[in-house]
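In case you want the letters, here they are:
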Amino acid sequence: MTRFEPKIVVFLCNWCSYAGADLAGTSRIQYAPNARAIRLMCSGRVEPYFILEALHKGADGVLVLGCHPGECHYLEGNYRTVGRMALLKKVLSQFGIEKERVRLDWVSASEGARFATIVNEMTETIRTLGPFEEKDA
Amino acid sequence: MDKLKLALYWASSCGGCDIATLAIGEKILEVAETAEIVFWPVAMDFKYKDVERMPDKRIDACLFNGAIRTSEDEHMAKMLRTKSKIMVAYGSCAYEGCIPGLANFFSLKSILERVYEETPSTDNPGKVYPQTRVQMPEGDLEIPELKNMVKTLAQTVDVDYFVPGCPPEEKTTWLALEALLNGKLPERRSVISHSSKALCEECSLVREGRKVKKFYRPYEVIPDPEKCLLEQGLLCYGVATRGGCGAMCPQAGMPCTGCYGAVEGVIDQGVHFLTALGSIIDSTDPVEIKQIVDGIVDPAGTFYRYSLPVSLFRRAKSV
Ligand code: SF4
Ligand code: FES
């Protein structure tokens, strides 16, 4: 049997996390090839709707990565993301969707290795959960 | 000139929409002058057979309220569609599923178990469940079958117009009726309301850009009647709800619960409101932010109170 390879959409903020992912690349750090990167200006730009739509259109998991608290380029974008993600996880659970399918974390521009670790962890989490299927009548 | 042939029907609804059509007051006389009501189960004695016998497209316009939850709802939606030139989803249930649509959080099986076995007031040792068909000496009796999923009218048949509200406000009803009576209809498939923007635009309560430390349920606080309720920690849905109702609820101290549906262009009303809430929390401490949002009881039920059947993930895992 072939191993399940989850599709993971990763939203990265331009100022920290995308630079961190870039560093992982230029430092030749190996990480799971399951991540599909989408760059946005700030984690605060990630509308929870984007996350639902990603899942709806075939992603098995969604990662949102932003600057560490206190370091957002726009000062408080990532604080908004914290509240939204916490609420979204509750809503997903009520919909019968495992809340582990979405994860918010922080990666600074100098944390290439941390980026790789988070992507690897997320890939394993989703591999264990299995493919995301909408349970519909 | 022939009078406009009007039909009104209720599917899975509370009956409020039928009452709301009467809320137009003396304008009903104007309707009586220009229109002939050919079918209206709640008010007049017609039989389904009368509709069946009509030729196709005999009805000029049908105001259909209620969600599609039973085989009877579905049957009538299809029949009325065939018989009507214009099909209007009237009210939140027909438009977006509304309160009956909350059933989509559960499977039909779990709902029936709850109702016929588990509720504290139920005494049903024989586990007797209602059947759709029963034999009696007089012959077979039938009741409609409950569907596993509650659907909107547009998820069942082609719909020409939508009228929002639980129930629609008098002026919204009149906007739709006037358009029908005069034949001056807006673009097909549009939502008929005085506004396509968020309710906050027409709300007179004062916004000061205040953020909140705690969310309250309406019974927990007496809000300042002059100021925006959301900024006082009440989950006022005005930011993510289509206007046109006149904002009577917030202006009377009661937070908007979202019955006019999503703002034009928004696909999922619930998650739109969730997004807005993320912006008004007064904290820069991730732990405290999580505590504040944890104070919201039943977020999915609150955010999707009227729109679960049209949300992206409209039902829970069978429980
Ligand atoms: S009270 Fe509600 S509708 Fe009025 S401005 Fe505040 S959020 Fe908007
Ligand atoms: S810019 Fe990185 S989280 Fe806002």
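About the thresholds
Residues numbered from 1 in each chain as written. Chains lettered and ligands numbered in written order. Predicted model: local features only at pLDDT ≥ 70, side-chain atom pairs only at ≥ 80, totals over all residues. Heavy atoms only, no water. Buried < 20%, exposed > 50% of the residue type's maximum accessible area, 1.4 Å probe, protein only. Helix = DSSP H or I, 4+ residues; strand = E, 2+ residues; numbered from the N terminus. Pairing = 2+ DSSP bridges. Phe/Tyr/Trp six-rings, centres within 6.5 Å; stacked < 30°, edge-to-face > 60°. Patch = residues over 30% accessible without salt bridge, like charges linked within 9 Å, V, L, I, M, F, W, Y side chains within 5 Å. Areas by Shrake-Rupley, 256 points an atom, 1.4 Å probe, with all protein chains shown as cover. Salt bridge = Lys/Arg side-chain N within 4 Å of Asp/Glu carboxyl O. Core = buried A, V, L, I, M, F, W, Y, C linked by side-chain atoms within 4.5 Å. Domains from an automatic or database assignment. Contact = heavy atoms within 4.5 Å. Near = heavy atom within 4 Å. Nonpolar A, V, L, I, M, F, W, Y, C, P; charged D, E, K, R; others polar. Buried area = accessible area lost by both parts, 1.4 Å probe. Polar contact = N/O pair within 3.5 Å; in protein donor to acceptor, adjacent residues only side chain to side chain.

## Side note on the pairing of strand β4 (residues 102-106) of chain A
Residues and elements named next belong to chain A. In terms of burial, β4 is largely enclosed, as four of its five residues are buried. Where strand β3 (residues 61-66) lies against β4, five bridges are found, and the strand directions are parallel. Opposite Gly 66, over in β4, you have Trp 106 as the bridge partner.

## Examining the packing of aromatic side chains
Pairs of aromatic rings are described using the distance from one ring centre to the other and the angle between the two planes. Enumeration over the complete set of coordinates arrives at 14 aromatic pairs over all chains. Plain terms: the ring middles of Phe95(A) and Phe105(B) are 6.0 Å apart, the flat faces sit at 25° to each other, and that makes the pair stacked. Of this pair, Phe95(A) sits in the loop between α3 (77-94) and β4 while Phe105(B) sits in the loop between α6 (98-101) and α7 (108-118), placing the two residues on different chains. Just as Phe95(A) is buried, Phe105(B) falls in that class too. A network of ring pairs unites the aromatic residues Tyr9(B), Phe39(B), Phe46(B), Tyr48(B) and Phe64(B) as a single cluster.

## So, a nonpolar patch on the surface
Residues and elements named next belong to chain A. There is a patch of nonpolar side chains on the surface, built from Trp 15, Met 41 and Tyr 74 and spanning about 310 Å² of accessible area. Within the secondary structure layout, Tyr 74 lies in the loop between β3 and α3. With a relative accessible area of 38%, Tyr 74 lands in the partly exposed category.

## Points about the nonpolar core
Ranked by size, the top nonpolar core spans 68 residues in total, and within it Ile51(A), Phe215(B), Leu277(B) and Phe303(B) carry the most contacts. Residue assignment for this core shows that the elements contributing at least two residues are β1 (8-13), α2 (48-56), β3, α3 and β4 of chain A together with α10 (269-278), α11 (286-294) and α12 (299-303) of chain B. A per-element tally of this core places α3(A) first, with eight residues. Domain assignment of the residues forming this core places at least three in each of domain 1 (4-99 + 150-182) and domain 2 (199-308) of chain B. Setting aside chain neighbours within four positions, we find Ile51(A) in contact with Phe11(A), Val46(A), Val62(A), Val64(A), Met85(A), Leu88(A) and Val102(A).

## Some remarks on the site of ligand 1
By nearness alone, every residue bordering ligand 1 is listed as Cys200(B), Cys203(B), Leu205(B), Arg207(B), Cys228(B), Leu229(B), Leu230(B), Cys236(B), Gly238(B) and Pro250(B). In terms of residue class, the shell around ligand 1 is made up of eight nonpolar, one polar and one charged.

## What to know about the domain arrangement of chain B
Interfaces are often described in size by the accessible area the parts lose on coming together. Residue and element names in this part refer to chain B. What the domain assignment lists for chain B is domain 1 (4-99 + 150-182) and domain 2 (199-308). Summarising the inter-unit geometry, the C-alpha centres of domain 1 and domain 2 are found 31 Å apart. Opposite the 13 residues of domain 1 that make contact, domain 2 presents 15 residues. Together, the buried faces of domain 1 and domain 2 total about 920 Å²; carbon and sulfur atoms form 52% of this surface. Run the count over domain 1 and domain 2 and you get zero salt bridges. Taken together, the connections running from domain 1 to domain 2 amount to four residue pairs in polar contact (both at pLDDT 80 or more). With three residues, helix α5 (residues 92-96) is the largest single contributor of residues to the side of domain 1 that touches domain 2. Among the residues forming the side of domain 1 that touches domain 2, the class breakdown is six nonpolar, four polar and three charged.

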